[in-house]
Amino acid sequence: MSSSSSDTTSGDGVGVVLETEVITKSFGGVHALRGVDFRLRGGEIHALVGENGAGKSTLIKVLTGVHSPDSGTVRFAGEPVAFARPADAQRAGISTIYQEVNLVPLLSVARNIFLGREPRNRFGLIDLARMNREAAALVESLGIEIDVRADLGRLGLGVQQMVALARAMSVDARVVIMDEPTSSLEAKEVATLFGVARTLRDRGVGLVFVSHRLDELWELCDRVTILRDGRQVHTGAMADLDRLTLIAHMLGRDLEEVRRGGATDFGETHRQDREPVLVAAGIEVRGKLQDVGLAVRPGEVVGLGGLLGSGRTETVQAVYGALPRQAGTVRIEGSPVRTNSVGHALRAGIALLSEDRKAEGIIPELSVRDNIALAVLPRFSRLGLVSESRIDALVATFMARLHIKASSPAQPVRELSGGNQQKVLIARWLCTEPKVFLLDEPTRGIDVGAKSEVQSLIDELAEQGLAVVLISSEMDELVEGADRVVVLRDGAVTRELSGEQRTSAALLAALAGDPERPVDETTGGQG
Amino acid sequence: MTDSTQASGSPTSATPDTKAGDADGPTPAPPDVPEPPRPWWRPRLDADWVRRNGVFVALALLVLINVIITPNFVSEGTLRLQLIQVAPVLIVALGMALVIGTQGIDLSVGAVMALAAALIPLYIGYGAAIAILVALLAGCITGAIAGSLVARVGVQPIVATLGLMVAGRGVANLIGGEIKSIREPGIVALGTGNLLGIPYVVLIAAAVSLAVWFAVRRTIYGRRLLAIGGNKRAAELAGLPVRRVLITTYVVCGLLAALAGALLAARSQASDPTRLGLLIELSAITAVVIGGTPLSGGQVRVVGTIAGALLMQLITATLIFHDIPDSTAQIVQAVIVVAAVYVQLGRRKTGPRKGATATKANTSPAVTP
Amino acid sequence: GCTNTGEDDAAPPGPADGGDGQVVREGEDTGEGCTLEQYGAEPLEIEGATVGFSQSEPDTAAFRAAETASIEAAAEEAGVGELLVTNADNELPKQIADIQDLLNQGIELLIVAPVNSDGLDPALDAAKEAGVPVITIDRKVTNTHCEDYVAFLGSDFYEQGARAADAMNDATGGEAQVAILLGSSGNNVTDDRNAGFKDQVEAEYPGLEIVAEQTANFARDEGQSVAEQLLQSNPDITAIYAHNDEMGLGAVTAVQSAGLQPGTDVKIVSVDGTRNAVQGIVEGQINAVIESNPRFGPLAFETAQKFFDGEAIPEDVIIVDDQYDSSNAEANIGNAF
Amino acid sequence: MSSPVVAPTPEGPPREVPTAPGSRARLARLVQRQGALVILIVAVLAATFAFDSFGTSGNLTNIGMQASFLAVVALGMTFVIMTGGIDLSVGSVFALGGVLAAWGSQYGTWAALLLPLLVCGAIGLIQGLIIAKGGLPPFIVTLAGLLFARGLLLLISDEGATTYKVPAESAFRELAQGRFLGIGFPIWLVIIAFVIGSVVLHRTSYGATVLAIGGQEDAADLMGLPVARTKIVAYLTSGLLAGFGGMLIASYTSSGVTVLGVGMELEAIAAVVLGGTLLTGGAGTVLGTLVGVLLLQVIMNVINQVGSLNSNWQAVVSGTILLAVVTLQQWLAKVQRR
Ligand SMILES: Nc1ncnc2c1ncn2[C@@H]1O[C@H](COP(=O)(O)OP(=O)(O)OP(=O)(O)O)[C@@H](O)[C@H]1O
Ligand SMILES: Nc1ncnc2c1ncn2[C@@H]1O[C@H](COP(=O)(O)OP(=O)(O)OP(=O)(O)O)[C@@H](O)[C@H]1O
Ligand SMILES: [Mg+2]
Ligand SMILES: [Mg+2]
């Protein structure tokens, strides 16, 4: 495994639109980039991969003027450039979708798409009608049906991601950079996105594509650059690399260590013979859900399938009491949980790992330790005073068990990589010793290593008797990870797949609402 | 393709901003060897250290300047006087720091002080203790109203407390009427007495500081407060009693403001509902922010707040010591305040987007890089 | 004061009433008198009329409370039909608005305690347009006499400052290091009381050295803390002149907390004549208080009636302010407000 | 997969629910944003019935005239607040503008018009630079600006002892004392300013950027919007408008009064918030601010109509009304959202 097999010789300079020379960048003591030579050619889709915290996003931010490098040069179209701010890069022709959705929630979809370059009428004022019209056309071409005049913040994360794509597309760019654009997208939207990407490539645009869903790389990308701990460890054609080698490069381990079976790290199915611990029935959320029911047994993993906006997030949030529900009951081990109260749900033994890590999960300024212990403070306190030593012990246990990488438990959680932030949140919920764990996209945006850790963790938890509800936009994860998959469409349960039915093909058909297959009679309240 | 492409020719000129006064400087090569850990007795005395501890540095500087240029500055009396005078502001600032930690703000503190002071003469007939208890209770009630408006109704803190500030001052004037002298020995003793040579007022401020520091660092309440200030929605989803914590915080802030009002009344032996605590909210907020607590919430710096309050006090004192006319005094004060905050917040520049952290810290609630 | 008209003597004691009515200083009327004819107003019987009073500052200051109460009492006395009172809360634009609102509600006579000497023009213009005569009390406006207003009733703040200097001279025996506690910056009262004091000191009392002047915004607690700082940084201070009684009382506390004897070690002279300050003289903590009499009510309605009866009214009706010191404080404390 | 078919198959349940995020939400937003308008209309109607003198044209123009100074200042504040900032300096800058205008009027009308705009604009600009480039919190920077402007004012007026008068013959007096169609110039100027402000906010890229910054500053930055420049312009505008307001009042009162504008910043903030603008930035309307200003003015007028309300009661009443209005707004928004 040669750690520096960069193809600096092949086709050098030919068609290269964007390149870096020995870029280094550090944040305080963290060396995010250590001498990266990245080359992007026009008309190629270039994958950028690496573990969480490998420096992918940092590289992108250096390329686009968000950060200035500590040393090294960025060249665009052969000329050295030093973009002082993202606006400069954008004006130069680099269009970027950053990792976290970076749009303005309080503005309408159309406004978000055209912010900064709104169509004008002859008085030089914004032509609202035209802007809305063009935005609607653009959004429609991406296969999304939304009112472009609605506030962006009211839409699900996935839709927001598509809006970001629409925005990036609407610029006439020479380089398009996409930092994990697919992490919250459904198969169908992913396909749309790929279509768009290929069209752009064929027009000679250079694309950078970051994803932790490795299969997508071979499907879409021409070449790949692998980063590890801020170093560039490999650059080459995508086709020359097999999955295992790629992972080995990423993780810096031997091939043998990596070699495991299956697409995911889930184990076999679990026992199905016990009484359900969670029974939710008749859940109504105005405008979102109609009569949704769910039942989960201890030790069982129930998947929630559905398209973008089908109401999966709403379902788990309503069960957890985080979303006011108009009707419906939630019972844990037979006793009802008070409606619309997170506190009661928590005490009854429900935990929810929410989809939006940034907005609903981490407390950025607090330490890893305080983030983990947040939900269980009363248990570790006497007379309102926090017992530090007991918390330290607890945190140490979980940091070790989940392999949380942080310089110390006192490190602010905002400094952690996405995957580690996710693990911190999982640790927070496991501390509460839940009976039911609702996981909304638990592997979103985390690297293969972390992902398999999280997956086997879920498996392990289920083995230990935890009831798990798993939402995932990745087909494999649902099919392999869940014992049953409940399919939602437009806020209602339409099908349930269990046992033999649990195949990708069946799931796909169910998601699309295949009329051939009647809705399974057994779904609803009793699961 | 704009002019930005021609901006620089060499690798070094591509990073113009990282050098100027930046402690970390450019890292030329990827250092593989980790830096040897710095022994704790040798703190980094570099620009970054100065920035993180800006308020203390500024305070030390001002003391030094005064020692050199101000006659009679180096005396027990001066020190004592500054401590006495800063005490009420500090107490208010500590409550304010808690509120700011929740991403809120409390403009009503001055009115609460006036209200508390106005109540004392009315209840002085029942004895000093009862009168002060009533005053403190009034502070709690006002705080509870502010807290409920913020936490239950969802009114923005600055507006809720602005309304309370106007109405509260009116109520204080209504019940207090004209300025009244307070001659009750218990109250007078509170304002002027000493314990082991240390004025009660200073002791009380010290005790409050300690209590607030302890609450922030060691209690569930403090942990929850920081979590709510850092990311309210996440705190809600983590099952924290968000409303209760918010209301408690405003109650504590009101209580401390009332305490400060009572102390001021005791010290001046009078209750003046019209003037007492006028504009103190601004001094308190300034002290908190100069002390390094961001207005964006999620953090509370108690020691910084103490230093911030002392710094503000010393600025005022210095200007009076040198008999600077009001006009110049205000201008000087403005410049010092900005300079102090600049030093404090100008830290950790990562690139050309100078101060992006500080700016967004002030506007958008949850930010992660 | 010593020249009590006795009108209010029967009134129960209290901060708002009691005390002495005002006496006009004789022989100092300036300029031509103003008659109803010259002013171009209609005759009016005050009894039963609607009268507006625009107060400038909140009624919590003793001076303002006494002033408002006096106007209200005198209005009742004069049998006014309706007295409409507004309070501008120290804001000039609000006072302008207040006066316009009052005019709009149909007042027939306006008594105004101006927030500021300048800038009331729009309100006075509106009054002129409505044909409503204006009497200003306690602060003079810089507009044209007998065109924009009928008369100014009040004290001479400059004179008060000068008399404070005299009193300071008496109290200190002519030798002192004086610190001045200024009122709010930008306020004409502050300016006049300060200029009068300093001019008089310059002209008459070379032994009085002014060593510091710092604003304390007419407030007691600020007076205290500023005086504390001044005494600390400048221990040679032997006298304090405060622009109002509140700051003077603050200075008393400050001197005490510096371990000195107010009235003895540090002489204190202030202006206003509030009950607390006069009490301070009685207790020997304050050396002198120059009165600034707030009880404008009777004089205002008297003047107005004279005006409507066709008499010529002088531009400035300057009242005689008393002075309290150790010789008369105890006897006259009932006159304090 | 290439054909974007997200539309439901005929068998699926009606999509009506998730695809209609707009109408109800928009209604809620409308009520929240225009709640002040509803309350204003109710208040005006009630006052007209309760007090004979309220509905007279004289009184109504008085209200308009009195509101105009605050309105001008609040307009600038609206832009600043929408970027997620705050400007506490406006009261002092307002006073400074007035003094400068009166001082300048001795040297001619142009001096009276330009001097305040120049100086107040410069103060706004410097504040904007410190905030946008230096990254300091607006609250503190503009608080310092408040002190600075007041200090400057005292400096040029001998610690406040000198009040400059606008010469009687100066054309500068016309600015606020003149009338057109029987209505004072300031009212017309306010109308023009708010129309321009409204168009700028809602129909220009600048306005879109203002809203974007207030909504999510780092996102705006990453989207390549000129964040720093936009913020600087917002503070500059606020300084200019505060100076302009001061100029108006100098013309109105024919003098450079030194004791103006204390606490005006809070009144302006209250007006902006009453008008439905979020203090956290990112949402609101310019016309809402005008409604907020009028509401404050009407409340004051009504208190005066009552006639003999003690000044302390006035404070209690207006504070309580402010709280009641914002509470009502929240409540309306919540009810609508259900
Ligand atoms: N603004 C910042 N301040 C401090 N450290 C940072 C900052 N941004 C990134 N880092 C650190 O730099 C390293 C690289 O982070 P980066 O975001 O580039 O990783 P990534 O490869 O994009 O990971 P992921 O797959 O999780 O998105 C990490 O250790 C991260 O903690
Ligand atoms: N394709 C779409 N067309 C129209 N509206 C959509 C679409 N996708 C999402 N939405 C809107 O976004 C809201 C949020 O969807 P939500 O995130 O809850 O769904 P989800 O099933 O969890 O999907 P995901 O989390 O993958 O986005 C929906 O209520 C709907 O209003
Ligand atoms: Mg990343
Ligand atoms: Mg979802």
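Residues numbered from 1 in each chain as written. Chains lettered and ligands numbered in written order. Predicted model: local features only at pLDDT ≥ 70, side-chain atom pairs only at ≥ 80, totals over all residues. Heavy atoms only, no water.

In terms of helices and strands, chain A carries 18 helices and 23 strands. Over its C-alpha atoms chain A spans a radius of gyration of 24 Å, differing by no more than 12% from the 24 Å that the globule rule assigns to 527 residues. A principal-axis box enclosing the C-alpha atoms of chain A has dimensions of 70 × 55 × 50 Å. The 527 residues of chain A split such that 63% are buried. In chain A, of all internal contacts separated by at least 6 residues, the share reaching a separation of at least 24 is 67%. Put simply, chain A shows about 18,600 Å² of open surface, and 48% of that area lies on carbon and sulfur atoms. Looking at charge distribution, chain A has the averaged site of its 60 positive side-chain charges lying 5 Å from that of its 71 negative ones. (Helix = DSSP H or I, 4+ residues; strand = E, 2+ residues; numbered from the N terminus. Rg over C-alpha atoms; globule rule 2.2 N^0.38 Å. Buried < 20%, exposed > 50% of the residue type's maximum accessible area, 1.4 Å probe, protein only. Contact = heavy atoms within 4.5 Å. Areas by Shrake-Rupley, 256 points an atom, 1.4 Å probe, with all protein chains shown as cover. Lys, Arg positive; Asp, Glu negative; His and termini not counted. Charge placed at Lys NZ, Arg CZ, Asp CG, Glu CD.)

Right, let's talk about helix H16 (residues 448-463) of chain A for a bit. Its 16 residues give H16(A) an end-to-end C-alpha distance of 22 Å, which sits within 8% of 22 Å, the value for a rise of 1.5 Å per residue. Along H16(A), the residues classified as buried are Val448(A), Gly449(A), Ala450(A), Lys451(A), Val454(A), Gln455(A), Leu457(A), Ile458(A), Asp459(A), Leu461(A) and Ala462(A). (Expected span 1.5 Å × (residues − 1).)

The next point concerns unusual backbone geometry. A positive phi angle, close to 50°, is found at Asp291(A), a residue other than glycine. Secondary-structure assignment places Asp291(A) in strand S13 (residues 289-296). Within the chain, Asp323(B) stands out as a residue other than glycine whose phi angle is a positive 50°. In this fold, Asp323(B) is placed in the loop between helix H13 (302-321) and helix H14 (326-345). Using a relative accessible area of 25% as the deciding quantity, one classes Asp323(B) as partly exposed.

In the neighbourhood of ligand 2, 19 residues make up the surrounding shell, with Glu145(A), Arg312(A), Thr313(A), Glu314(A) and Glu355(A) lying closest. Those chains with residues close to ligand 2 are chains A and D. Measuring from an oxygen atom of ligand 2, one finds a backbone N or O atom of Ser310(A) at 3.1 Å. Between ligand 2 and the protein, one listed contact pairs an oxygen atom with a side-chain N or O atom of Glu355(A) at 2.5 Å. Alone, ligand 2 offers 610 Å² of accessible surface; in the complex the protein occludes 96% of this. When residues in the shell around ligand 2 are grouped by element, the largest group, three residues, is from helix H10 (residues 312-320) of chain A. The residue makeup of the shell around ligand 2, split by class, is seven nonpolar, six polar and six charged. There are two domains that each give the shell around ligand 2 at least three residues, and those are domain 1 (16-241) and domain 2 (265-349 + 434-502) of chain A. (Near = heavy atom within 4 Å. Polar contact = N/O pair within 3.5 Å; in protein donor to acceptor, adjacent residues only side chain to side chain. Nonpolar A, V, L, I, M, F, W, Y, C, P; charged D, E, K, R; others polar. Domains from an automatic or database assignment.)

Bringing the side chain of Arg428(A) into the picture now. Within the fold, Arg428(A) resides in helix H15 (residues 418-431). Of the side chains with opposite charge, Glu360(A) lies nearest to the buried Arg428(A), which makes no salt bridge, at 10 Å. At a separation of 3.2 Å, a polar atom in the side chain of Arg428(A) contacts the main-chain carbonyl oxygen of Gly361(A). Excluding anything up to four places from it in sequence, Arg428(A) contacts Gly361(A), Ile362(A), Ile363(A), Asn371(A), Ile372(A), Leu374(A), Ala375(A), Ala234(B) and Ala238(B). (Salt bridge = Lys/Arg side-chain N within 4 Å of Asp/Glu carboxyl O.)

Here the focus is the domain arrangement of chain A. Residue and element names in this part refer to chain A. Taken domain by domain, chain A consists of domain 1 (16-241), domain 2 (265-349 + 434-502) and domain 3 (364-433). Averaged C-alpha coordinates put domain 2 and domain 3 at centres separated by 24 Å. Taken residue by residue, the interface counts 16 residues in domain 2 and 13 residues in domain 3. Three residues stand out in domain 2 for area buried against domain 3, namely Pro434, Phe437 and Leu457, and they jointly supply 39% of the buried area on that side. In this assembly, domain 2 and domain 3 are joined by zero salt bridges. Put simply, domain 2 and domain 3 have one residue pair in polar contact (both at pLDDT 80 or more) between them. Tallied by class, the residues present in the side of domain 2 that touches domain 3 amount to ten nonpolar, two polar and four charged. (Buried area = accessible area lost by both parts, 1.4 Å probe.)

This part is about the coordination of the magnesium ion (ligand 4). Coordination of the magnesium ion (ligand 4) by the protein involves Thr313(A) (OG1) and Glu355(A) (OE), with metal-donor separations of 1.9 to 2.3 Å. Within this pair, whereas Thr313(A) is found in helix H10, its partner Glu355(A) is found in the loop between strand S17 (350-353) and helix H12 (357-360), the two being separated by 42 residues in sequence. (Donors = N, O, S within 2.8 Å, 3.2 Å for Na, K, Ca; no water.)

Let us look at the interface of chain B and chain C. With 31 residues of chain B at the contact, the number on the chain C side is 31 residues. Summed over both sides, the interface of chain B with chain C buries roughly 2,500 Å², with 46% coming from carbon and sulfur. A per-residue breakdown of the area chain B buries against chain C is headed by Glu178(B), Arg275(B) and Ile320(B), which together make up 25% of the total. For the pair chain B and chain C, the interface holds two salt bridges. A salt bridge links Arg183(B) to Glu283(C), with the nearest nitrogen and oxygen atoms 3.8 Å apart.

Below, the discussion takes up the pattern of salt bridges. Inspection of every chain in the model, using the stated rule, returns 45 salt bridges over all chains. Measuring nitrogen to oxygen at the nearest pair gives 3.3 Å for the salt bridge that ties Arg414(A) to Glu365(A). Linking Arg414(A) in the loop between helix H14 (388-401) and H15 with Glu365(A) in the loop between H12 and helix H13 (368-373), this pair joins segments that are 49 residues apart in sequence. Here Arg223(B) ties to Glu388(A) by a salt bridge, and the two come within 2.9 Å at their closest N and O atoms. Here Arg223(B), found in helix H9 (residues 220-230), pairs with Glu388(A), found in helix H14, and the two come from separate chains. With relative accessibility at 6%, the residue Arg223(B) sits in the buried group. One network of salt bridges, in which partners are shared, links Arg369(A), Asp370(A), Glu388(A), Asp392(A), Arg218(B) and Arg223(B).

Here we come to the site of ligand 1. Of all residues adjacent to ligand 1, which total 17 residues, the nearest are Asn52(A), Ser57(A), Thr58(A), His212(A) and Glu415(A). At ligand 1, the nearby residues belong to more than one chain, namely chains A and B. Between ligand 1 and the protein, one listed contact pairs an oxygen atom with a side-chain N or O atom of Lys56(A) at 2.8 Å. One of the side-chain N or O atoms of Thr58(A) is found 2.5 Å from an oxygen atom in ligand 1. Tallying contributions element by element places helix H1 (residues 56-63) of chain A first for the shell around ligand 1, with three residues. The residue inventory of the shell around ligand 1, partitioned by class, reads five nonpolar, eight polar and four charged.

Now for the pairing of strand S20 (residues 436-440) of chain A. Residues and elements named next belong to chain A. Extensive coverage of S20 is indicated by the burial of five of its five residues. Here S20 shows a buried face lined by Val436, Leu438 and Asp440 and a second buried face lined by Phe437 and Leu439. The pairing of S17 with S20 spans four bridges and is classified as parallel. If you follow Leu352 over to S20, its bridge partner there is Leu438. Two strands pair when backbone bridges link them, and S20 and strand S21 (residues 467-471) are joined in this way by five bridges, in the parallel orientation. (Pairing = 2+ DSSP bridges.)

Tallied over the full model, the rule gives twelve aromatic pairs over all chains. When the centroid spacing of 5.7 Å and the interplanar angle of 90° are considered together, the rings of Tyr39(C) and Phe307(C) count as edge-to-face. Placement of the pair is Tyr39(C) in helix H1 (residues 36-39) and Phe307(C) in helix H10 (residues 297-308), with a sequence separation of 268 residues. With a centroid separation of 6.1 Å and 85° between ring planes, the pair formed by Trp103(D) and Tyr107(D) is classed as edge-to-face. On the accessibility criterion, Trp103(D) (31% relative accessible area) is partly exposed. (Phe/Tyr/Trp six-rings, centres within 6.5 Å; stacked < 30°, edge-to-face > 60°.)

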